[in-house]
Structure formats: structure tokens, C-alpha cells
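# Structural characterization, general
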Amino acid sequence: MSSGNRMERPLRQVDPEVAEAIDREVNRQATGLELIASENFVSEAVLEAMGSVFTNKYAEGYPGRRYYGGCEFTDDVERLAIARAKELFGAEHANVQAHSGSQANQGVYFTVLQPGDTVLGMDLSHGGHLTHGHPLNISGILYNFVAYGVSPEDERLDYDGLEKLAIEHRPKLIVCGASAYPRIIDFERIAAIAAKVGAKTMADIAHIAGPIAAGLHPSPVPHCDFVTSTTHKTLRGPRGGLILCKKKYRKDLNRTVFPGLQGGPFVHIMAAKAVAFREALQPEYRVYMQQIIDNCRVLAERLAGHGYRIVSGGTDNHMLMLDVFSRGITGKVAEEALEQAAITTNKNTIPFDKNPPMVASGLRIGTPAVTTRGMGETEMQAIADLIARALESREDPASLAAIRGEVAELAGRFPLYLSRQAAFLSE
Ligand SMILES: *Cc1c(COP(=O)(O)O)cnc(C)c1O
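Keep in mind it's a predicted model, so treat the numbers as computed, not measured.

Our focus in this paragraph is the site of the ligand. Around the ligand there are 14 residues in total, and Gly101, Ser102, Ser179, Asp204 and Lys233 lie nearest to it. Histidine 129 is positioned such that a nitrogen or oxygen atom in its side chain is 3.5 Å from a nitrogen atom of the ligand. Interatomic distance of 2.5 Å between a side-chain N/O atom of aspartate 204 and a nitrogen atom of the ligand. Calculation on the ligand without its partners gives an accessible area of 390 Å², and the protein chains cover 86% of this total.

Let's shift gears to the environment of threonine 74. Its place among the elements puts threonine 74 in helix 4 (residues 72–89). Considered as a pair, threonine 74 and glycine 237 are 163 residues apart in the sequence and their alpha carbons are 18 Å apart. Those residues in contact with threonine 74 that lie beyond four places of it in its chain are Phe54, Lys57, Ala59, Arg66 and Val267.

What follows concerns the domain arrangement of the chain. Often, the extent of an interface is quoted as the loss of accessible area upon association of its parts. Segmentation of the chain into domains returns domain 1 (50–280) and domain 2 (284–420). Computed over C-alpha atoms, the centres of domain 1 and domain 2 are 28 Å apart. Opposite the 27 residues of domain 1 that make contact, domain 2 presents 26 residues. Together, the buried faces of domain 1 and domain 2 total about 2,300 Å²; carbon and sulfur atoms form 58% of this surface. Of all residues in domain 1, the largest losses of buried area upon contact with domain 2 belong to Glu155, Pro182 and Leu216, amounting jointly to 28% of the total for that side. Put simply, domain 1 and domain 2 have 2 salt bridges between them. With a shortest N-O distance of 2.9 Å, arginine 309 and glutamate 155 are connected by a salt bridge. Inspection of the region where domain 1 meets domain 2 yields 13 residue pairs in polar contact (both at pLDDT 80 or more). Residue assignment for the side of domain 1 that touches domain 2 shows that the elements contributing at least two residues are helix 9 (209–213) and helix 11 (267–280). Each residue belonging to the side of domain 1 that touches domain 2 can be placed in one class, and the counts come to 13 nonpolar, 8 polar and 6 charged.

Attention now moves to the sheet that holds strand 5 (residues 118–122). A sheet is described by the order of its strands in space; here 7 strands give the open sequence 4-10-9-8-7-5-6, paired in mixed fashion. The open sheet has two edge strands with one neighbour each: strand 4 (93–95) and strand 6 (144–148). Between one strand axis and the next, the sheet turns through 20 degrees on average, direction left out of account. As defined by bridge partners, strand 8 (residues 200–204) adjoins strand 9 (residues 226–230) across 3 bridges and the pair is classed as parallel. Bridge pairing in strand 9 links methionine 202 to phenylalanine 226. With respect to the sheet, helix 10 (residues 250–261) is in contact with strand 4, strand 9 and strand 10 (241–245), its orientation differing from that of strand 4 by roughly 0 degrees.

Now for the pairing of strand 5. Most of strand 5 is tucked away, with 5 of its 5 residues classed as buried. Every second residue of strand 5 is oriented toward a common face, with Thr118, Leu120 and Met122 on one face and Val119 and Gly121 on the other, all of them buried. When strand 5 meets strand 6, the two strands line up parallel, connected through 5 bridges. In the strand pairing of strand 6, glycine 121 is matched with alanine 147. As paired elements, strand 5 and strand 7 (residues 173–176) share 2 bridges and run parallel to each other. Residue pairing across strands places leucine 120 opposite isoleucine 174, the latter belonging to strand 7.

Below, the discussion takes up the packing of helix 7 (residues 159–169) against helix 8 (residues 187–197). What describes two packed helices is the angle between their axes and the distance between those same axes. As a packed pair, helix 7 and helix 8 sit with axes 10 Å apart at the nearest point and diverge in direction by 20 degrees. As judged from the angle between their axes, helix 7 and helix 8 are roughly parallel. Remark: the crossing between helix 7 and helix 8 carries right-handed chirality. For the pair helix 7 and helix 8, contact is made by Tyr159, Asp160, Leu162, Glu163, Ala166 and Ile167 and by Arg189, Ile190, Ile193, Lys196 and Val197, respectively. In terms of residue class, the contact of helix 7 with helix 8 is made up of 7 nonpolar, no polar and 4 charged.

All right, on to the pattern of salt bridges then. Applying the stated criterion to the full structure yields 21 salt bridges. Arginine 183 is paired through a salt bridge with aspartate 316; the nearest N and O atoms lie 2.9 Å apart. Taken together, the positions of arginine 183 in the loop between strand 7 and helix 8 and aspartate 316 in the loop between strand 11 (309–310) and strand 12 (319–323) put the pair 133 residues apart, joining distant regions of the chain.

Turning to the layout of surface pockets, a few remarks are in order. By volume, the largest pocket amounts to about 1,200 Å³. Contributing to the lining of the largest pocket are 43 residues, with Ser38, Glu39, Asn40, His232 and Arg239 lying nearest its centre. When contributions to the lining of the largest pocket are tallied by element, the ones reaching two or more residues are helix 1 (11–14), helix 2 (16–31), helix 3 (44–50) and strand 14 (346–348). Per element, the largest residue contribution to the lining of the largest pocket is 7 residues, and it comes from helix 2. Of the residues in the lining of the largest pocket, the class split is 17 nonpolar, 15 polar and 11 charged. Structurally, the lining of the largest pocket is a two-domain feature, drawing no fewer than three residues from each of domain 1 (50–280) and domain 2 (284–420).

Calculation notes
- Just so you know, the residues in each chain are numbered from 1, in the order the chain's sequence is written.
- Local features in this predicted model are restricted to residues of pLDDT 70 or higher, and side-chain atom pairs are both shown and tallied only at a pLDDT of 80 or more, whereas totals for entire chains, interfaces and linings draw on every residue.
- With hydrogens and water stripped out, all remaining heavy atoms of the structure feed into the side-chain values.
- One heavy atom within 4 Å of a molecule or strand is enough for the residue carrying it to be called near that molecule or strand.
- Whenever two N or O atoms come within 3.5 Å, that pair is a polar contact, provided that in protein one can donate a hydrogen and the other can accept it, and provided that, for residues adjacent in sequence, both atoms are side-chain atoms.
- Per-residue accessibility takes into account occlusion by the displayed protein chains alone, with areas from the Shrake-Rupley method and a 1.4 Å probe.
- A run of H or I in DSSP counts as a helix once it spans at least four residues, and a run of E counts as a strand once it spans at least two, with each numbered from the N terminus.
- In what follows, a contact means two residues having at least one pair of non-hydrogen atoms within 4.5 Å.
- Residue ranges for the domains originate in an automatic or database domain assignment.
- Accessible area that two parts lose when put together, with a 1.4 Å probe and added across both, is what the buried area reports.
- For this document, the term salt bridge refers to a Lys or Arg side-chain nitrogen within 4 Å of an Asp or Glu carboxyl oxygen.
- Each residue gets one label: Ala, Val, Leu, Ile, Met, Phe, Trp, Tyr, Cys and Pro are nonpolar, Asp, Glu, Lys and Arg are charged, and the others, such as Gly, are polar.
- For two strands to pair, DSSP has to find at least two bridges joining them.
- Interaxial angles span 0 to 180 degrees and are taken between N-to-C directions of axes, which are lines fitted to C-alpha atoms, for helices over the stretch in contact.
- Throughout, exposure labels follow a simple rule: accessible area from a 1.4 Å probe, protein chains only, divided by the maximum for the residue type, with under 20% read as buried, over 50% as exposed, and the rest as partly exposed.
- Note that the term roughly parallel is reserved for angles under 35 degrees, roughly antiparallel for angles over 145, roughly perpendicular for angles of 65 to 115, and oblique for everything else.
- Each helix crossing is assigned a hand: it is left-handed if the near helix lies turned anticlockwise from the far helix by less than a right angle, otherwise right-handed if that turn is clockwise.
- In this analysis the probe radius is 1.4 Å and the grid spacing 1 Å, with only protein atoms considered; a cavity is a set of points the probe fits into but cannot get out of, a pocket is an open set with protein on both sides within 12 Å along at least five of seven lines, and lining residues have an atom within 4 Å of a point.
- Grid points are joined across faces, edges and corners, and a volume is the space filled by probe spheres set on the points.

See the structure below:
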């Protein structure tokens, strides 16, 4: 092809508007503090695989059994992703085609449930996920979800209450796992309860897949029929889903994902998942996971020192739930104030919240992204102090702007995607 071919021109020439939005996003990620517990920064290697020509390929079916020709290299990457996922989690089977965490969950629901079936899932306001029975989500529309939650005394999962509900409602499936729960989940105990009532189990480890892969949180894989996850949170891979299951469900599950729910798999994303799983199999990944957890504990302790109540009194994983309403601030106001200081978090309900979800009493704060940048416990103390000051100064734009400058200075000491920074923005 000649160099004048339209296909060969760089994005900056073809579409300056999108190129500029990307530049600005690179800059935003590099100069702010990313504390959203479900976000992370992928490696250049993962980005490269995502941006590869595999995006061009149709590959309906599974390795060795496709509806399209030309799939030999696609088969290689999907097989690599499957083998690495199985190794990483010690699973009997892995499906790496689910486009997202939500679709991974649908894959399991459509494999084992009929519309109207009863399912136990964690109360959303106690930390459960939208796809665990929210009335506006397909899970809540199709199935009869019954919610279990945490106990009011210690804000930890109430396993006795869960068992009572299981005996009373005889669910076909018990869903466990959470989006906003900072403590260890006893998957073995939940599986034992399920066995008593003849229910199947699905553990959704979208958030804690990384700690589990690193052996820093008990694994549900030996105990649960199905384990679902995202690949883009603590796992630090491309946006996507993952389903693990016992061998006996392999055929039914694969058939549900394709052709049941999806068409062609995203081959470029499967390639990037394979890269991320390989990264997670390295010894450095375990060190990184331990640092995430240590960082989170330090952040929680320092914030508690500033007079904020930490939901459940602390954290065992990569996130903490800050009860900002304990200082008379709503989650909404807190999120907005921190955003002005370039500290990104999200408001979140806390158990037994007195405020509605769009206002909320809590902030969910996570350490995966800042830890990926190389920040450690010293920086966590600095971040806790910046958060406390920003919340104090929430009605003072000048102070928030000053804190934003300090945030940029701190972030600048831990460079991110340097080769992608646009010159015109860093001037
Ligand atoms: C993030 C999350 C999901 C959904 O993942 P998406 O990729 O956003 O669809 C599902 N379950 C839990 C517990 C999550 O935290």
C-alpha cells in the first residue's frame, strides 16, 4: 500500500476530535488520583493486544469448532486465554468470551435458571451488584431474587440469616460476591448452606478476582458450581467477563454464551485477557496485590484518624467504605468536592442507609489504580490527608483548586502512560 492510503493515516489526521478527547483522557488519568475501586490501569502490553487487528475477525464458535474460516490464530489466543485462566484460578473450565461482567452473570443464569425461579442474592444497598436482582436489571425482571445482607451489629455478612432465608425460600441458585463489601467472603460456608437446600452456587468475584488469584482471599473455585468475574478490575486486564465452572457444566455454559446470548467473540479482547492472565501468573502480581491490600488498610486507618467512620471498622481487601454522613456530609456532596480536587471516587449507599441511593451516606474508595502507579503507604497517608482537607473545604473552590494542584504534584511523581501524553496538553 502507498503511504497515502486512507487506511494508513494516524488518528490525529483522520479524526482530530476523537484524538483530542483521547489526549485529554490520558492527561486526566495521569494528573488525577483514581480511587474508584472498580478501576485500574492496564499495561501497554494489554493495550497493544486490545488495539490489534484481531478486532477484524469473526470467530463464532469455540476453538477448533468455528462457523468462519481463518480462525487458526484466533484459536491460539482463545486457547491461551482459557488455559491461563484455568491455571490462575485452579478451575476445571473457563469461558473467556463473555463481553462483560454482566454478561458473564447472564451466562450462568441462562444456564441454570428458568424465568420465575427463586434466587438468593446480596442486598444491593449492602454491597451487592445490579446484576444480582435489581428490579430494573434483567436479573430482577426474569427471576425472583430474595435479598440477604449484612448484620446491623458488625456490618459483616449475616451467614445465619442467609441460611434461614435459604431454608425458607428453597432457592435454585445462591449468588454471592459483591461490589461494595470490604471484608472476606466465606464462600465455603455459603456453598455448605446451598448444599443443605439443594441450591447451586455462583460466586461473582468481579472485584476480588485479583486477591483470589494471588491467594490473598479464599477462593470460591473449589466450592462453587460457577464463578464469574470481570477482567478489568483488580485483574488489570481489558474490559470483559470471565466464567469458570465445574467440568460437568462446560457444554451447557458454552452453549449459553454462544449462541445463546452473544454472537462473535471479541478476539482482540480475548487476546488482551490472555496477556492479563499471563501477567497475573507472575510472582510480581502477588506482590502488587498484597500492596493494594496494605495500602487500603493504611488509607482506612488514616481516614479514621480524621474522624470518619469506616463501615465494618476496616477492610480486608482493596476497598473501603467511608461513612461520610458520620460527619454530616452526603456521599453526593463528598464525591463532587473530591472531583473538584481531581480525586475520583464514587458515592455509595452503606448498609441501612438513611439517604436514597443518588444521595447516599458513603464513599467507596479503592486502591488498585494508585497502587498500579507505584504508590505505597506514605502516599496513602498523604492521600487520606488530601481527602480530609478536600471534604473540609467542600464549599471553598479556591482551597479545592489548591488541593488539585497538590494532587497533580503527587500524581506527577508516579508517571502514567508517558509515551501517550500529548505535548500540547503537558505544556
Ligand atoms: C463490576 C461488577 C459486575 C459487572 O461488570 P460489567 O463489566 O460492568 O458488566 C458484576 N458483578 C459485580 C460484583 C461487579 O462488581
